[in-house]
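Architecture at a glance
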Amino acid sequence: MKRALALVERDMRKFRRSPALLFASLVLPLVQLVILGNAFGGNIKNVMLGVVNLDHGPESVDVIERVRAVGANARTFLPVDYVDQGVAIGDLRKGELGAVLIIPQHYSRDLLEQHQPRLALITDNTDRSTAGAVDDQMTQLVASINAPQVASREPGQAALDVVEVYPYINYIKYLLPGSVALAIFVMSMIGGGLLFIDDKSRGLHEGYMVTPITKWELILGFNLSGSIKAFIAGETVLVLGAVVADIPNFFEPIRLIELTLMVILTSIALIGMMFFLMARINDPLVPRAIFGVLNTLLFFPSGAVYPIAGFPQWLRWMSAGDPFTYAVHGFRTLLLKDVGISAIGTDVFALALTSTVVLAGATLLFRRTL
Amino acid sequence: MAAPAQSGIAIDVRSISKRFGALEAVDQVSFMVKSGEIFGLLGPNGAGKSTLIRMLTTLVPPTGGTATVAGHDIIHDPNAVRERIGVIPQNMTSDPELTCAENIGIHARLYGITGARRRERTAELLEAVGLSDRANAMASTLSGGMRRRLEIARGLVHDPQILFLDEPTTGLDPVSRVSVWEMVTHLRAQQGRTLLLTTHYMDEADRLCDRVAIVDKGHIVALDTPVALKASVPGASRIELQFDPDLPRGAADLEALPAVKSVRALGSATYRISSDRGPASAQELIDLARAHKLELKSLSVESTSLDDVFLHYTGHGLSEMAEADPQPQRGRA
């Protein structure tokens, strides 16, 4: 054990001297948190909506007034009047408009005669989010046109009231758990895997292997020092990210302890995984080549940026085998739901199992000779 | 710790072999190193010297045979071997991002030396290798010679019985080489420490080693003291001389001398002689000139070098091999 601490001392001295390493491992997750957190999940506004009125009757004026009311209040779209339908669609194709609403000829007459006239909404479906937002808003608008002016005497209609169990969670809060896991992973890659291979290729390991340090002490030393660095990165992003994302009651002591334990467990699992992957690698180019791919393979299927429920079945299987998934779920549960450690039993078990398996595998693969 | 092994044998190598795929890097090599001896493995890059030293320092497992180092088997008791040896590898293995003191201190901790003893030992070693004033300098800022001295200090941190130095002066400038040589000589003088070094420099082996093993293509082709090795090469001393006037019977007068192996007339009463007796042959030549009342205008004796020995035993020169293969690969030599 004492000899393993020599490796920890070495790594900590080098880590202290290279703030660039800490900076690099923190920058990506924090920038991602701030940029992606604010870029996604907001309400879509100010979509230019071309309005072509081919009717000019009183009911079409009612539609246009309702469209302008949305433009003045919710601002989902801003109406622009067009006379020619072809010009409007041409501008839609050129990207000057986000959607075109066409009020057909005889709309007012058909409505009054109860012939169910049809309004046409043409959307730019290359941008599904914007098209969906305009579609939703227009659907509500048409529903309001169809709503009876006088209360019906027919039996009552069922309604749904949605109550959110937690305070409003914007996307930056949703993304924070993934950013914490990403910070741990980036440090595991740079301060763990990459450093291990670079030291090996520079011959530094040869210097240790001629000393009486045992195989177990070498494995313990490498993993312990890597886990400490990954913990520092994870904990720093956790605290800074929670402040940036304005997580309620974040500094409550019990919750902080639970989150810290989760950072420690995730650090051990991801460093162990890195050590397992690098145990037999000698070429310093290999980790550089695989880390980008590994990041994509582990981060995106984890549910860090999009719910796993929206994945196809094959990707859900991939998520189930991804230790990142359990780290993200555990952090999300503790950060956003604040329900205590009992709610993340599966996550803790999965991460502990991952740690055990990868460390056992790494121990089998690691050779104490050149 | 650096006391001679009780048996008087520090290293006993028995038919050790190492194969890398189809390449037999070391082939059934056997030799013994006595306690307190400086033993050299001399050979070109690729001869198998570094592989041999890596097997003896437990870095590479042999594929055949075994060895005992400081009385412990390298295969069955490698940790006992590691506790008793210091290794200065061919590649610089000190950490460039740590200071000199930290490099030694962390190495001390790897040998279980901690606390005040660690600080004392670090200071002692920095003083011993003349790096006290660079204690807090990063290893990356040191010159090649200083870095090698740091490596030597690191290898001595636990006061080992046996020190392995793998090409300790390769890549160093002449001043640094001499500095390392002095340090090596001093290390043996202290407490009778045993040193095994590899080199492809003839002058280094000649100057430092008590005994030299000439290694070529994974085999030891000759092993003895540098003097005995040189003496084992027949007619290897070359003498060039000029008489005034010429000898009455020319080369025939010289061939009649017992010390002379062969004579070549170079013209103008000048001859090149090869002799087994080296400088001792000069007296016979002087006596010959006196007997014929001739003046000996010039006489030069060129001693046998280890290069001649190497050429004699392997059929090729060491320098030409070194030039042909200047960069050893990691894991092989």
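Counting restarts for each chain, with residues numbered from 1 along the sequence as it is written. Lettering for chains starts from A, numbering for ligands starts from 1, and both go in the order in which the items are written. Per-residue local features are limited, in this predicted model, to residues with pLDDT of at least 70; the limit for side-chain atom pairs, both in listing and counting, is 80 or more; totals at the level of whole chains, interfaces and linings are taken over all residues. The side-chain numbers reported here are obtained from all heavy atoms of the structure, hydrogens and water having been left aside.

**Brief notes about the interface of chain B and chain A**
Often the size quoted for an interface is simply the accessible area lost on bringing the parts together. Taken together, the contacts link 31 residues of chain B with 26 residues of chain A. Counting the surface lost from both chain B and chain A, the interface buries some 2,600 Å², and carbon and sulfur atoms represent 57% of this. Buried area: the accessible surface (1.4 Å probe) lost by two parts on joining, summed over both. Interface area lost by chain B to chain A is led by B:L59, B:R109 and B:L110, which between them contribute 26%. Salt bridge, as applied in this entry: a Lys or Arg side-chain nitrogen positioned within 4 Å of an Asp or Glu carboxyl oxygen. One can count 9 salt bridges joining chain B with chain A. Residues are treated as being in contact if the distance between any of their heavy atoms lies within 4.5 Å.

**Quick look at empty space enclosed by the protein**
For cavity detection a 1 Å grid was placed over the protein atoms alone, and a set of points counts as a cavity when a 1.4 Å probe fits there but cannot get out; an open set counts as a pocket when protein lies on both sides within 12 Å along at least five of seven lines, with lining residues being those that have an atom within 4 Å of a point. Grid points are joined across faces, edges and corners, and a volume is the space filled by probe spheres set on the points. For the coordinates displayed, the defined rule picks out 5 cavities of 30 Å³ or more. When its volume is computed, the largest cavity comes out at roughly 140 Å³. Segments assigned H or I by DSSP are reported as helices when at least four residues long, segments assigned E as strands when at least two residues long, and all are numbered from the N terminus. Secondary-structure elements contributing two or more residues to the lining of the largest cavity are α1 (2-17), α7 (171-201), α9 (215-245) and α10 (253-278) of chain A. The element that contributes the greatest number of residues to the lining of the largest cavity is α7(A), accounting for 6 residues. A breakdown of the residues in the lining of the largest cavity according to their chemical character gives 7 nonpolar, 6 polar and 4 charged. Quantified by volume, the second largest cavity comes out at close to 60 Å³. Among the elements that line the lining of the second largest cavity, the one with the most residues is helix α3 (residues 100-110) of chain B, at 4 residues. The residue makeup of the lining of the second largest cavity, split by class, is 4 nonpolar, 3 polar and 3 charged. Ten residues, namely Ala, Val, Leu, Ile, Met, Phe, Trp, Tyr, Cys and Pro, are considered nonpolar, four, namely Asp, Glu, Lys and Arg, are considered charged, and the remaining ones, Gly among them, are considered polar.

**Quick notes on the domain arrangement of chain A**
What the domain assignment lists for chain A is domain 1 (2-9 + 19-39 + 170-365) and domain 2 (47-144). Domain delimitation in this document rests on an assignment produced automatically or drawn from a domain database. Placing a centre on the C-alpha atoms of domain 1 of chain A and another on those of domain 2 of chain A gives a separation of 49 Å.

**So, the environment of A:V27**
Residue placement: A:V27 occurs in helix α2 (residues 19-39). C-alpha of A:V27 to C-alpha of A:V237: the two residues are 210 residues apart in sequence and 9.1 Å apart in space.

**What to know about the domain arrangement of chain B**
Taken domain by domain, chain B comprises domain 1 (9-230 + 312-324) and domain 2 (234-303). Inter-centroid distance (C-alpha atoms) of domain 1 of chain B to domain 2 of chain B is 44 Å.

**Comments concerning the sheet that holds strand β2 (residues 77-82) of chain A**
Two pairing modes exist for strands in a sheet, parallel and antiparallel, and in both the strands are linked by backbone hydrogen bonds. Residue and element names in this part refer to chain A. A pair of strands is labelled paired if DSSP reports no fewer than 2 bridges between them. What the 4 strands build is an open sheet, ordered β2-β1-β3-β4; its pairing is mixed. Only two strands of the sheet have a single partner each, and these edge strands are β2 and β4 (120-123). Shown here is a sheet whose adjacent strand axes are inclined to one another by a mean of 25°, direction ignored. Here strand β1 (residues 47-53) pairs with strand β3 (residues 99-103) via 5 bridges, running parallel. For V52, the partnering residue across the bridge sits in β3 and is I102. Lines are fitted to the C-alpha atoms to define the axes, a helix being fitted only along its stretch in contact, and any angle between axes, read from their N-to-C directions, falls within 0 to 180 degrees.

**Observations regarding the packing of aromatic side chains**
The criterion for an aromatic pair is that two Phe, Tyr or Trp rings (for Trp, the six-membered ring) have centres within 6.5 Å, with stacked assigned to planes under 30 degrees apart, edge-to-face to planes over 60 apart and tilted to the rest. Considering all chains together, one arrives at 12 aromatic pairs over all chains under this definition. For the ring pair A:Y171 and A:Y174, a centre distance of 5.7 Å and an interplane angle of 25° mean the geometry is stacked. Placement of both A:Y171 and A:Y174 in helix α7 is noted, with a separation of 3 residues, approximately one turn of the helix. Three or more aromatic residues link up through ring pairs in this structure, and these residues are A:F185, A:F299, A:F300 and A:F324. To sit over a ring, a charge needs its Lys NZ or Arg CZ within 6 Å of the ring centre and within 35 degrees of the ring normal. Taking NZ or CZ as reference, A:R332 lies 3.8 Å from the ring centre of A:Y174, over its face. A cation over a ring is seen here: B:R177 above B:Y201, with NZ or CZ 4.1 Å from the ring centre.

**Here we look at the pattern of salt bridges**
A complete count under the given rule lists 34 salt bridges over all chains for this structure. With a closest N to O distance of 2.9 Å, A:R13 and A:E9 form a salt bridge. Highlighted residues: A:R13 and A:E9, both in helix α1, separated by 4 residues, approximately one helical turn. Note on exposure labels: buried denotes an accessible area under 20% of the residue type's maximum, exposed denotes more than 50%, and partly exposed covers the range between, all computed with a 1.4 Å probe on protein chains only. Looking at A:R13, the relative accessible area reads 24%, which means it is partly exposed. Between A:D11 and A:K229 there is a salt bridge, with its nearest N and O atoms 3.5 Å apart. In this pair, A:D11 sits in helix α1 while A:K229 sits in helix α9, placing the two residues 218 residues apart along the sequence. Note on accessibility: A:D11 and A:K229 belong to one class, buried. Each of A:R10, A:D11, A:K14, A:D199, A:R202, A:K229, B:D95 and B:E97 takes part in one network of salt bridges that share partners.

**Structural notes on the sheet that holds strand β9 (residues 211-216) of chain B**
Residue and element names in this part refer to chain B. Read from one edge of the open sheet, 6 strands run β6-β7-β8-β3-β9-β10, paired in mixed fashion. At either end of the open sheet lies a strand with only one pairing partner, and these are β6 (85-88) and β10 (219-224). Between one strand axis and the next, the sheet turns through 15° on average, direction left out of account. Examined bridge by bridge, strand β3 (residues 38-42) and strand β8 (residues 194-199) share 5 bridges and lie parallel to one another. Pairing of L41 across the sheet is with T198, part of β8. Across the face of the sheet, helix α5 (residues 144-155) comes into contact with β6 and β7 (162-166) while running at roughly 165° to β6. Strand contacts of helix α11 (residues 306-314): β3, β9 and β10, with the helix running at about 45° to β9, the strand carrying the most contacts.

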